[in-house]
Amino acid sequence: MSSLHRQLSQLLSAWSWRRRVDVSLCSATGLHLRTYCSTSSEPDPLQVHRRKLFLWFSHLPQEEKQFGGYFSPETMHVDPLIVERKAEERAGLLSSPLQTQPLTSSSVSVEQLFETTDTWNEGRGVNVLLYGAVGTGKSTVVRKLVLDWCLGTGLTHFKLLVPFSCEDLSELSKVASLRDLVSRKYLHLRKHPLLSGEGNQAKDVLFLFNGMEKMKLDFRIGSTELCSDPNEALPPNVVVVNLLRKYLLPEASILVTTRLSAMDRIPQKYVSRYAQICGFNDPGRQRAYFTSRLLQQSGEAARDHEAQALIELLYLNLQRESQLAAACFLPSYCWLTCATLHFLHFTDAKAPIRTLTGIYTSFLRLNFGGEVLGTGAGTNVPLQGHNNSLMLYVVRTVGKMAFEGVTYKRTSFSEKELEQWIGGKTKTDEELHQLAMFRTDVLDFFLAPCVESGKHFPEALSENDEQRYVFAVPAMQEYLAALYVVLGENKSALEKLSKQMSVAIGQAGEDVNALFGILSKFIPLRIFAVFNLLKLFPKLYEKISSHNKGSIARTMATEMFRTEDSYNEDVLDQVEQSLLGVHGPQPQQHSEGPPFELYPIFMGGLLHYGNRVLLQQLGCSIQSTTVVQITRALRKHLVRELSKPQPPEEMMDLLVLLYEFQNPRLTAEVLASMRTIRLTNIRMTSLKCFVLSSVLSCTPTSYHLEELDLSSCLLTHDLLQTLWPAFRHTHNLNLQFNSLGPESCILLRDLLLDPKSSIRSLQLCDNPLLESGACTLLEALPENQSLRHLSLMHTGLGDWGALQLAERLQQHSGLQELNVAYNNIGDNAALALVDACREHPSIHTVHLYLNPLSDVGKQSLYVRGVPSSDGGSGQRVKVLASVTEGSDLSEDWHPILRVIRENALSWDRQRVQQQLKVFLRDLEWGRQQQQSLWKRLHFRRVEKGVRQTLKLLEKDPPPPPTGYRM
């Protein structure tokens, strides 16, 4: 019901917002609302145009909806820096985001670019060329410009705005007039007088051509005929050229957006003003962008508070002039940063399934979707085609360099190495031209100069110094390296040769078999044995290819469980630190080189069907047979590696890999070989809890872990709710040393009452459950029959909680061991509890040490634990209250000291020291009562262990006041 109510609320909000938009559209054009809403047989075409344009351009891509849908297009936009350039300055292009030229003029808005100047003839429209590198925000600026015009808040001196996609125009094969081009896309403008060419009506028209680099424009008179009639049918590129020449509708103004490499396709004499989009050149713009994405009006105070904290940490990292600050010069990388942080911190069971690999794949689709590596004007090579896929070219060049870097543990590259890996083998003029376009438009999108000594770019480099380049975002290197491997681009020479021969021989085999199928009636069959060899080589290639897929799976498993990376931070924490920086002591790194632990995870994520669909749109195809072969081999390698004990960090990374893979069958088969998941000391977040629950939910209901260890994981009540599906698949649940309060006991009570769960051991030590929480938990005892071990040590139980426990024990017949140590339980409550345990049919051990018990009380406990010799009811119960039992040593002194030693630094030091001194006093008194030298020596040994624990407490400084202390 809550999700349905939320959807209805969002629909009502969207409807009311659209209604406000319609009202603003009416008021923006000077029309009265009643006139606009009234029925009319001839609606104003301009009003219809504004409304339809607004609906088209306000549509957000699917990738934007992952931020929660709380914002609208007008609240999410942050203007990038736009600088007007003189004609002679247009050659001074940005070679990288860090090598900006000094600004010779102040920033301008797009609307200011259409103000008439003295240098332009009166009566002729203005031609503005807006250019910028990939990712600087050209398309976003265009969308905001159109929306502002629709709302009447921008470009108000133009009555008509006609946007065109140059990619769409380049696909048109038939000739068409200007008015036909307009009416084909905007039918309501078919006969509008502003486009008739009569008088100077066109002065109120603005044409917008987005992505001019995708069109083939030729301004030579001999190649493109002149035309001044908007009704004359011509090829689309000829119509655009005549508009720019001011030969067709000379009074109309034109805005053209393009990339850096295509600027010179329009001669200088046809451009009135040049303007360059420079991205976010200062942390202030970047912070505004992060705020618009992360700090949304969700109505959840806790979430908004966390988002504000993220923005502050992110802003501090940007102010340090870090490598991230260099990357966020491009708005596209600001989007990637926000999407990653939103994924890390705001993923929950209500949100749609998202993966880190999916975020990076969507990021590339947003920036390179449908892009091809054209050859420019003046060539006969088509601009479209799979072989010219820009993303595939990126994989084969930048991806190859990324793969080499991962292989040899390198993150920075020299200029010579860039020359070697990117375009080092180009030979033809076409390849050289493509390389030049790639270097100008795309290369700086992925690579940036390395930040050294806190500076973006050294002002002067000595002769021996060499500028080095790194990937703008470290994870991008691992993603491209993984894509390079999964696409099979790292084939050996034998594999490449065998594939070509297989295709050629296979095609020849089909033709020859068809021919000799006819001649087989006249020629002896033995001769045909020779032709069967034609079928042999393709099968041999299949074996070589299958071996290659097996090596990919082996590489994934090897990189996943590298010994030198075993004790690094888990991979999700590494991603977060790369964005927010490290505030405090630097984490200890055990590997020699930089860790590349995302590399195998990305390889698994790229095999997911959703990512393969997006990659197909980018011209990078991963076949289903390839996925099957890699998956089959990967399962064997993972099961083999999991037979060895894995550190908690590696176990968390494995869970992330299975989650990114999004393959329930593979996940279930891998988990079938696991019986324990230990995530001790892992900083669990909402995402990690969701990953754990999602992975375990892939297993059948009959699957159960022997132990799920989540001790010292900073778990809270909200995280516990996310982990609910995972708890159903475990027998022994360890939740020690977390931050679970009384409200969490309601969920734990429901878990014990759930017929689908089979919890046998529940450890809740060092959680502030208090008396109220413990009583709530005990409500599950009458109906639960699976619990065997319950640990409530150091949970604030108190006397009242112990008495409540004593009353309810008889309602549960299966409990065998009860731990209520360090709970401020006095003599009377402890005696009542032991009496109840003695009457219980199955309890055999009770832990009561570190409670304020008197000597008489301890002695009484030992006596009560033994049933009376007169044949009374009850059974023997082992009571662990001290290291001594009267004048003798307790049989369980060693586990008592072990528990105290493990937790002494996190407990109240003064109280622990006081209890240890009581132990020493009891040991000294008991030693004096012994006659046997052997027993005295045994007492001395235990005393030594107690004194060592005391010295440990006196030597180490007290920890910060975190966790539960009592």
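Residues numbered from 1 in each chain as written. Predicted model: local features only at pLDDT ≥ 70, side-chain atom pairs only at ≥ 80, totals over all residues. Heavy atoms only, no water.

### A look at the packing of helix H17 (residues 474-486) against helix H22 (residues 598-605)
Relative to each other, H17 and H22 sit at 50°, their axes nearing to 8 Å. The orientation of H17 relative to H22 falls into the category oblique. H17 and H22 meet at a crossing whose hand is right-handed. For the pair H17 and H22, the contacting residues are Ala475, Glu478, Tyr479, Ala481, Ala482, Val485 and Val486 in the first and Leu598, Tyr599, Phe602 and Met603 in the second. Of the residues that constitute the contact of H17 with H22, the class distribution is 10 nonpolar, no polar and 1 charged. (Axes fitted to C-alpha atoms, helices over the stretch in contact; angles between N-to-C directions. Helix = DSSP H or I, 4+ residues; strand = E, 2+ residues; numbered from the N terminus. Parallel < 35°, antiparallel > 145°, perpendicular 65-115°, else oblique. Left-handed = near helix turned anticlockwise from the far one by under 90°. Contact = heavy atoms within 4.5 Å. Nonpolar A, V, L, I, M, F, W, Y, C, P; charged D, E, K, R; others polar.)

### Quick notes on helix H37 (residues 933-955)
Look at H37: 33 Å from first C-alpha to last across 23 residues, which is about the 33 Å you get at 1.5 Å a residue. Buried within H37 we find Phe939, Val942, Glu943, Gly945, Val946, Thr949, Leu950 and Leu953. Buried residues along H37 sit against strand E18 (884-885), strand E19 (888-889), helix H35 (893-903) and helix H36 (909-928). (Expected span 1.5 Å × (residues − 1). Buried < 20%, exposed > 50% of the residue type's maximum accessible area, 1.4 Å probe, protein only.)

### Considerations on the packing of helix H9 (residues 283-294) against helix H10 (residues 301-319)
Look at H9 against H10: their axes get within 10 Å of each other, and the N-to-C directions meet at 160°. Comparing their axes, H10 and H9 come out roughly antiparallel. Like other packed secondary-structure pairs, H9 and H10 cross with a definite hand, here right-handed. Within the contact between the two elements, H9 uses Pro283, Gln286, Arg287, Phe290, Thr291 and Leu294 and H10 uses Ala307, Gln308, Ile311, Glu312, Leu314, Tyr315 and Leu318. By residue class, the composition of the contact of H9 with H10 is 8 nonpolar, 3 polar and 2 charged.

### Re the pattern of salt bridges
Tallied over the full model, the rule gives 30 salt bridges. Here Arg921 makes a salt bridge to Asp855, at a shortest N to O gap of 3.3 Å. You can see Arg921 sitting in helix H36 and its partner Asp855 sitting in helix H34 (residues 855-864), a full 66 residues away along the chain. Its relative accessible area of 44% is what places Arg921 among the partly exposed residues. (Salt bridge = Lys/Arg side-chain N within 4 Å of Asp/Glu carboxyl O.)

### Some words on the pairing of strand E5 (residues 253-258)
Regular strands place their side chains on alternate faces of the sheet. In terms of burial, E5 is a largely internal element, 6 of the 6 residues being buried. Side chains Ser253, Leu255 and Thr257 project from E5 onto one buried face, and the interleaved Ile254, Val256 and Thr258 project onto a second face that is buried too. In this sheet, E5 lies alongside strand E2 (residues 127-131) in parallel orientation, the contact comprising 5 bridges. Residue pairing across strands places Val128 opposite Leu255, the latter belonging to E5. Across 5 bridges, strand E4 (residues 205-210) lies against E5 in parallel orientation. In the sheet register, Leu208 faces E5, and the bridge partner there is Leu255. For the handedness criterion, the β-α-β arrangement of E4, helix H8 (residues 236-244) and E5 is classed as right-handed. (Pairing = 2+ DSSP bridges. Right-handed = clockwise from strand over helix to strand, strands pointing away.)

### Describing the environment of Ile359
If you trace the backbone, Ile359 turns up in helix H13 (residues 356-368). Judged by its relative accessible area of 3%, Ile359 falls in the buried class. Through-space distance from the C-alpha of Ile359 to that of Ala339 is 7.0 Å; in sequence the pair is 20 residues apart.

### Quick word on helix H33 (residues 827-839)
Given a rise of 1.5 Å per residue, 13 residues ought to cover 18 Å, and the 19 Å separating the end C-alpha atoms of H33 matches this to within 8%. The complete set of buried residues in H33 reads Ala829, Ala830, Leu831, Leu833, Val834, Ala836, Cys837 and Arg838. Of the surrounding secondary structure, the elements contacted by the buried residues of H33 are helix H32 (798-808), strand E15 (817-819), strand E16 (845-847), H34 and strand E17 (878-880).

### Here we look at the sheet that holds E15
Sheet architecture is open: 8 strands sit in the order E10-E11-E12-E13-E14-E15-E16-E17, paired in parallel fashion. Each having just a single partner strand, strand E10 (676-678) and E17 make up the two edges of the open sheet. Here the average twist between neighbouring strands, direction ignored, is 10°. As judged from the 3 bridges shared by strand E14 (residues 789-791) and E15, these two strands associate in the parallel manner.

### Examining the packing of aromatic side chains
In this structure the tally under the stated criterion is 22 aromatic pairs. Seen in terms of ring centroids, Tyr479 and Phe602 are 5.4 Å apart; in terms of plane orientation they differ by 80°. Their pairing is edge-to-face. One end of the pair, Tyr479, is in helix H17; the other, Phe602, is in helix H22, and 123 residues separate them in sequence. Each member of the pair, Tyr479 as well as Phe602, is classed as buried. Counting every residue linked through ring pairs, the aromatic cluster contains Tyr333, Trp335, Phe363, Phe368, Phe445 and Phe446. Above the face of the Trp149 ring, Arg50 is positioned so that its terminal group lies 4.1 Å from the ring centre. (Phe/Tyr/Trp six-rings, centres within 6.5 Å; stacked < 30°, edge-to-face > 60°. Lys NZ or Arg CZ within 6 Å of the ring centre and 35° of its normal.)

### Here we look at the nonpolar core
Grouped together as the largest cluster of nonpolar side chains are 176 residues, with contacts concentrated most on Tyr333, Phe446, Met476, Leu735 and Leu848. Broken down by element, the residue count for this core peaks at 11 residues, all from helix H14 (residues 390-407). Split by domain, the residues of this core number at least three in each of domain 2 (283-354) and domain 3 (388-451 + 467-528 + 569-584 + 593-642). Here Leu735 is in contact with Leu710, Leu715, Leu720, Phe727, Leu740, Leu748, Leu762, Gln763, Leu764, Cys765 and Asn767, once residues within four sequence places are set aside. In terms of nonpolar packing, the next biggest core, distinct from the first, is built from 70 residues, Phe114, Cys166, Leu181 and Met263 among them. (Core = buried A, V, L, I, M, F, W, Y, C linked by side-chain atoms within 4.5 Å. Domains from an automatic or database assignment.)

### Focus on the sheet that holds strand E7 (residues 412-414)
Strand order in this open sheet of 3 strands is E7-E9-E8, and the pairing throughout is antiparallel. With one partner strand each, in any of the chains shown, E7 and strand E8 (447-449) form the two edges of the open sheet. Each strand axis lies, on average, 40° off the axis of its neighbour in the sheet, ignoring direction. Here E7 pairs with strand E9 (residues 468-471) via 3 bridges, running antiparallel. If you follow Ser414 over to E9, its bridge partner there is Arg468. Of the strands in this sheet, E8 and E9 touch helix H16 (residues 429-446), which is tilted by about 75° from E8.

### A word on the confidence of the model for the protein chain
Residues at a pLDDT of 70 or more form 78% of the protein chain, whose mean pLDDT is 80. With pLDDT under 50 throughout, residues 375-387 is counted as low confidence; its partners more than four residues away or in other chains account for 26 contacts. (pLDDT = per-residue confidence, 0-100.)

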